[in-house]
Amino acid sequence: MTLLPVLVISILASAGAVPSFPRDEAPDITPIDKIPAIKEFEDPHFLMSAQAKTSLTALDLVNEHGYDGELHEVLTTDGYILELHRITGRTHATNTKEQKPVAFVMHGLLCSSACWVVAGPGKDLAFILADEGYDVWLGNARGNMYSRKHYLPDIKKELYWDFSWHEIGVYDLPAMIDYVLKTTGREKLFYLGHSQGTTAFFVMASERPEYQDKIQAMVAMAPVAFCSRMNNPILQFIARFTGPINGLMDLIGMYEFKPTGEALKLFAKLVCAEDAITQPLCSNILFLIAGFNKDQFNATLLPTILQHTPAGSSTKQVLHYSQLIKTGFVITSGKFRQYDYSWFANLLKYGSLSPPDYDLGKIKVPISLHYGTNDWLLDVKDVDKLYKELGNPFGKFRVPHEKFNHLDFMWAKDAKDLLYDKILSVMTNF
């Protein structure tokens, strides 16, 4: 009850236009400490203050669980500074410096790299990959709690937050992939994405097809592209008012879905503790968003999860998804396409009344699709459509649990047996 109004209200916004640096003027990979203009925003209403950050960062969790972690930063060509978290192996393990195959893992909407390291060894995908001999890199999209700096220190918040997952795919993923490959000396990497992490990949592979040459194979967990059949009641509600919301967003001036703060941390401790009588309320809120699966829900993780989630995003990311569910200013239902700004703005930006579709047929990277049948953020028929549209699908795999939901891909009790072992098996083919 407490989180839902915040979610609905925060979705009622988006923004203007982000300044862009031409690719021939801004390098793909830039040493962050060599750029004197970079600093964190000081506006406490814009970026999180130090007091609002979680007590344990993603790398703290990595180290706490007995693994070696590294922090890296990369600059995108439109000026965003992103944080990468690397897991090189278990602490004090031998041969940690040998060259390993690279696994790049990208989070979903309102998540961060921390979402892959909260459960611990043998449970989290990041640690399982590291134990299997992969050099693990965890990405963080612009706007989440770890990627909240910009090349322009005085950029206005309405400009900073003017992005959806389109920009994450066109700018963030290429910058991070280039950095990872240069740092590791590898020519290709495995890309593993969850939810929005898959959406952004489909955008990159279709809009920046040259990056397909840098991908060994792609693993899509809960893949989201076509959304017309999505069962999520909140997004279905928002989708019916996409047009008015777009017109209202500048007036409201809420461009960001707020990241984890002290209020949510206190809520987690008081209401979501395992022994609290109100704990089922927290579970039901998550279920309302992602689908019901009490069997796989680990209540002991909930306070930790809420320390790191939601990790922050632009409201435009959510609005973009809502446009694909039913309608924008022009009908977009059943389409996977760019952001709809209204027919007149579309004409100026795209040269057409409606936004262009992403050409999934261009994607020749082998992609395995892993989905659950109880996922309220995707529909099996939409997954089938995605599979048919892709240029080189490797396979489509249903998680063998009838109640497996959207969040179970990260936090299910039996995620290793139900999902991760299959993913590791698929990766051995490449």
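Per-chain numbering applies: the sequence of each chain, read as written, is numbered from 1 onward. Per-residue local features are limited, in this predicted model, to residues with pLDDT of at least 70; the limit for side-chain atom pairs, both in listing and counting, is 80 or more; totals at the level of whole chains, interfaces and linings are taken over all residues. Here the side-chain values reflect all heavy atoms present in the structure, with hydrogen atoms and water set aside.

The protein chain is annotated in an unreviewed UniProt entry as Lipase of Cardiocondyla obscurior. UniProt positions are given in the numbering used here, feature names are shortened, and annotations may be inferred rather than shown by experiment. The UniProt entry for the protein chain carries the following text under Sequence similarities (unreviewed entry): "Belongs to the AB hydrolase superfamily. Lipase family."

What follows covers the side chain of aspartate 124. Topologically, aspartate 124 is positioned in the loop between strand 4 (102-106) and helix 3 (125-131). There is no salt bridge for the buried aspartate 124, and the closest opposite charge comes from lysine 123, which lies 9.8 Å off by N-O distance. Apart from residues lying up to four places away in sequence, aspartate 124 is in contact with Cys115, Trp116, Val117, Val118, Ala119, Met410 and Tyr420. Here a helix means four or more residues in a row that DSSP labels H or I, a strand means two or more in a row labelled E, and each is numbered from the N terminus. Partly exposed describes any residue whose relative accessible area lies between the buried limit of under 20% and the exposed limit of over 50%, with all areas from a 1.4 Å probe on protein chains only and scaled to the type maximum. When charges are counted, Lys and Arg are positive and Asp and Glu negative, with His and the chain ends excluded. By convention in these notes, a salt bridge is any Lys or Arg side-chain nitrogen within 4 Å of a carboxyl oxygen on Asp or Glu. Throughout, a contact is declared for two residues whenever any of their heavy atoms are within 4.5 Å.

UniProt annotation of "active site" (unreviewed entry) refers to Ser195, Asp375 and His406 when read in the numbering used here. Spanning 212 residues, the named residues nonetheless gather at one spot, since no C-alpha pair among them exceeds 10.9 Å. By relative accessible area, serine 195 is classed as buried at 9%. Among residues more than four places away in sequence, those in contact with serine 195 are Gly108, Met221, Ala222, Val224, Tyr321 and His406. Secondary-structure assignment places aspartate 375 in the loop between strand 11 (367-371) and helix 14 (380-389). The exposure class assigned to aspartate 375 is buried, which follows from its relative accessible area of 2%.

Turning to unusual backbone geometry, a few remarks are in order. Across the junction of threonine 309 and proline 310, the peptide omega takes the value 5 degrees, indicating a cis bond. Inspection of the secondary structure assignment puts proline 310 in the loop between helix 11 (302-308) and strand 10 (313-314). Although it is not a glycine, serine 342 adopts a positive phi angle of roughly 110 degrees. Within the fold, serine 342 resides in the loop between helix 12 (315-325) and helix 13 (343-350).

With that out of the way, let us pick up the packing of aromatic side chains. Aromatic pairing here means that ring centres of Phe, Tyr or Trp (its six-membered ring) are within 6.5 Å. Orientation follows from the plane angle: under 30 degrees is stacked, over 60 is edge-to-face, and everything else is tilted. Counted according to the given criterion, the structure contains 21 aromatic pairs. A centroid spacing of 5.9 Å and a plane angle of 80 degrees characterise the contact between tryptophan 343 and phenylalanine 344, whose relative ring orientation is edge-to-face. Ring centres of phenylalanine 404 and phenylalanine 409 lie 5.1 Å apart, and the angle between their planes is 85 degrees; this geometry places the pair in the edge-to-face category. Take phenylalanine 404 and phenylalanine 409: they sit in the same class, and that class is buried. Among the aromatic residues, those joined into a ring-pair cluster are Trp165, Phe226, Tyr321, Phe336 and Tyr358. By definition here, charges over rings are those cases where NZ of Lys or CZ of Arg is within 6 Å of the ring centre and within 35 degrees of the ring normal. Positioned above the aromatic ring of phenylalanine 163, the side-chain terminus of arginine 142 is 5.6 Å from the ring centre. A cation over a ring is seen here: lysine 316 above tyrosine 339, with NZ or CZ 4.7 Å from the ring centre.

What follows deals with the pattern of salt bridges. The tally for this structure, following the rule as stated, stands at 13 salt bridges. Here aspartate 78 makes a salt bridge to arginine 142, at a shortest N to O gap of 2.8 Å. Of this pair, aspartate 78 sits in the loop between strand 2 (67-75) and strand 3 (80-90) while arginine 142 sits in the loop between strand 5 (135-138) and strand 6 (149-150), placing them 64 residues apart in sequence. There is no split in this pair, since aspartate 78 and arginine 142 are both buried. Close ionic contact of aspartate 135 with arginine 86 constitutes a salt bridge, the shortest N to O distance being 2.7 Å. On the criterion of sequence distance, the pair formed by aspartate 135 in strand 5 and arginine 86 in strand 3 is long-range, its members being 49 residues apart. We classify aspartate 135 as buried; its relative accessible area is 7%.

Whether a set of points on the 1 Å grid over the protein atoms alone is a cavity depends on a 1.4 Å probe fitting there but being unable to get out, while an open set qualifies as a pocket with protein on both sides within 12 Å along at least five of seven lines; lining residues are those with an atom within 4 Å of a point. Grid points are joined across faces, edges and corners, and a volume is the space filled by probe spheres set on the points. Counted by the stated rule, this structure contains two cavities of 30 Å³ or more. Approximately 40 Å³ is the volume found for the second largest cavity. Gly is placed with the polar residues, together with every amino acid not listed as nonpolar (Ala, Val, Leu, Ile, Met, Phe, Trp, Tyr, Cys and Pro) or charged (Asp, Glu, Lys and Arg). Classifying every residue of the lining of the second largest cavity gives five nonpolar, seven polar and one charged.

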